[in-house]
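Listed here are the chains, written in short residue letters.
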Amino acid sequence: RALIAAVLLVGMTIAFLPMLSTVPATMISVLAGVLSVIIGMAARPFIENFISGLVLSLSNRIHVGDTVFIDGKLGSIEDVTPTHTVVKLWDWQRYILPNSRMLNKELYCLSNKDSNLWAWTEFVVAYEADLAVVKGLAVEAAKAVPDWLEVEEPEMWVMGLEPEGVRCWLAAWVRGPEALWNMRVGMRAGLVEAFRQHGIPTHLHRWRDGFQAHRPDPLVQQMTDPSGVSPA
């Protein structure tokens, strides 16, 4: 379509060249000025995105293959074109952003710098549960997941005393986003099975999962939806 439009424009220009001698110079200047403004306005989005794409490529802010969390979506950078950035989401859908917007976005890059990630899950047990037993079972459940990275022992903390029970966190280190996903799934399954086998009393509660490179912060809380389902 662009080629057809360009050919038509060139053809019209050649056809009108013999008539230019009869057109006043002032009129030609006005027409040229108007045409320049129209072309500039039409090309502005393309130029903005093209320059932003160059800046993204040269700044090393993101790379193809990086795992990112952006606009509430978790995925990986699939392509950075001259005009758009394509993010492949975990459900294989594509999230396409103009480079001019991508350049101004705040994103959470899981592949940048440290490759070790801190996987955690939150659970609630009843007040009558023996917390020492709960901690032992939780730590063993984390160690049973093959993706656990042995740079530090898994840990469980009591994070709050809620009306429905004792709120706890279980966390362990993993290497890479895929291992993080597997770790969270494995910890949840291990906790359910361990509590069922040992009769640990619990209450109906909401599970929440998160991840970050070092320790929890408010950004991690934003990475789960209100239902507690993983963004993946």
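As the structure is a prediction and not an experimental result, all values here were calculated from the model. (Residues numbered from 1 in each chain as written. Predicted model: local features only at pLDDT ≥ 70, side-chain atom pairs only at ≥ 80, totals over all residues. Heavy atoms only, no water.)

*Asks:* Outline the overall build of the protein, supporting the account with residue identities and numerical values.
*Replies:* Secondary structure assignment for the protein yields six helices and nine strands. A total of 232 residues make up the protein; the buried ones form 36% of that total. When the accessible surface of the protein is split by element, carbon and sulfur atoms take 64% of a total near 13800 Å². (Helix = DSSP H or I, 4+ residues; strand = E, 2+ residues; numbered from the N terminus. Buried < 20%, exposed > 50% of the residue type's maximum accessible area, 1.4 Å probe, protein only. Areas by Shrake-Rupley, 256 points an atom, 1.4 Å probe, with all protein chains shown as cover.)

*Asks:* Give a description of the nonpolar core that names residues and reports values.
*Replies:* Judged by nonpolar contacts, the single largest core of 29 residues is most densely connected at Phe 123, Val 125, Val 134, Leu 170, Met 183 and Phe 195. Elements with a contribution of two residues or more to this core: β6 (116-125), α4 (131-143), β8 (165-175) and α5 (177-198). When residues of this core are assigned to their parent elements, the largest contribution, seven residues, is made by α5. Dropping the residues within four chain positions of it, Leu 170 is found in contact with Ala 119, Trp 120, Thr 121, Phe 123, Ala 138, Val 139, Ala 142, Glu 155, Met 156, Met 187 and Leu 191. Ranked by size, the runner-up nonpolar core spans 11 residues in total, among them Ile 62, Ile 77, Tyr 95 and Met 102. (Core = buried A, V, L, I, M, F, W, Y, C linked by side-chain atoms within 4.5 Å. Contact = heavy atoms within 4.5 Å.)

*Asks:* Outline unusual backbone geometry, supporting the account with residue identities and numerical values.
*Replies:* Despite not being glycine, Asp 71 shows a phi value in the positive range, around 50 degrees. Along the polypeptide, Asp 71 turns up in the loop between β1 (67-70) and β2 (73-80). On the basis of relative accessible area, Asp 71 is assigned to the partly exposed category, the value being 32%. Phi angles above zero are rare outside glycine, and Trp 92 is one such case at about 75 degrees. The topology assignment puts Trp 92 in the loop between β3 (84-89) and β4 (94-98).

*Asks:* Any chance you could break down the environment of Val 185 for me, citing the residues and the numbers?
*Replies:* With respect to the helices, strands and loops of the structure, Val 185 is situated in helix α5. The partly exposed category is assigned to Val 185, whose relative accessible area is 35%.

*Asks:* Could you give an account of a nonpolar patch on the surface, with specific residues and numbers?
*Replies:* A surface patch of nonpolar side chains, about 740 Å² in accessible area, is lined by Phe 46, Ile 47, Phe 50, Ile 51, Leu 54, Val 55, Leu 58 and Leu 103. Element by element, the count of residues in the nonpolar patch is highest for helix α2 (residues 25-59), at seven residues. Within the element layout of this structure, Phe 50 appears in helix α2. Exposure remark for Phe 50: the relative accessible area of 36% places this residue in the partly exposed category. (Patch = residues over 30% accessible without salt bridge, like charges linked within 9 Å, V, L, I, M, F, W, Y side chains within 5 Å. Salt bridge = Lys/Arg side-chain N within 4 Å of Asp/Glu carboxyl O.)

*Asks:* Account for α5, with residues named and values stated.
*Replies:* Across its 22 residues, α5 extends 32 Å between first and last C-alpha, which sits within 8% of the 32 Å expected from 1.5 Å per residue. All of the buried residues along α5 are Ala 179, Leu 180, Met 183, Arg 184, Gly 186, Met 187, Leu 191, Ala 194 and Phe 195. Just downstream of α5, Gly 199 is the residue with a positive phi angle, here 65 degrees. (Expected span 1.5 Å × (residues − 1).)

*Asks:* Run through the confidence of the model for the protein, naming residues and quoting values.
*Replies:* Residues at a pLDDT of 70 or more form 79% of the protein, whose mean pLDDT is 79. Ranking the elements of the protein by mean pLDDT puts helix α6 (residues 218-221) last, at 43, and α4 first, at 96. (pLDDT = per-residue confidence, 0-100.)

*Asks:* Lay out the sheet that holds β4 with the relevant residues and their values.
*Replies:* The five strands lie next to each other as β4-β3-β2-β1-β5, forming an open sheet whose pairing is antiparallel. Single-partner strands in this sheet number two, and they are β4 and β5 (108-109). Sheet topology places β2 next to β3; five bridges connect them, and they run antiparallel. Opposite Ile 77, over in β3, you have Val 87 as the bridge partner. (Pairing = 2+ DSSP bridges.)

*Asks:* If you had to explain the side chain of Thr 83 to someone new, which residues and values would you point to?
*Replies:* Relative to the helices and strands, Thr 83 resides in the loop between β2 and β3. The class of Thr 83 is buried, set by a relative accessible area of 18%. A polar atom in the side chain of Thr 83 sits 2.8 Å from the side chain of His 84. Beyond its immediate stretch of four places on either side in the chain, Thr 83 contacts Phe 46, Asn 49, Leu 97, Pro 98 and Asn 99. (Polar contact = N/O pair within 3.5 Å; in protein donor to acceptor, adjacent residues only side chain to side chain.)

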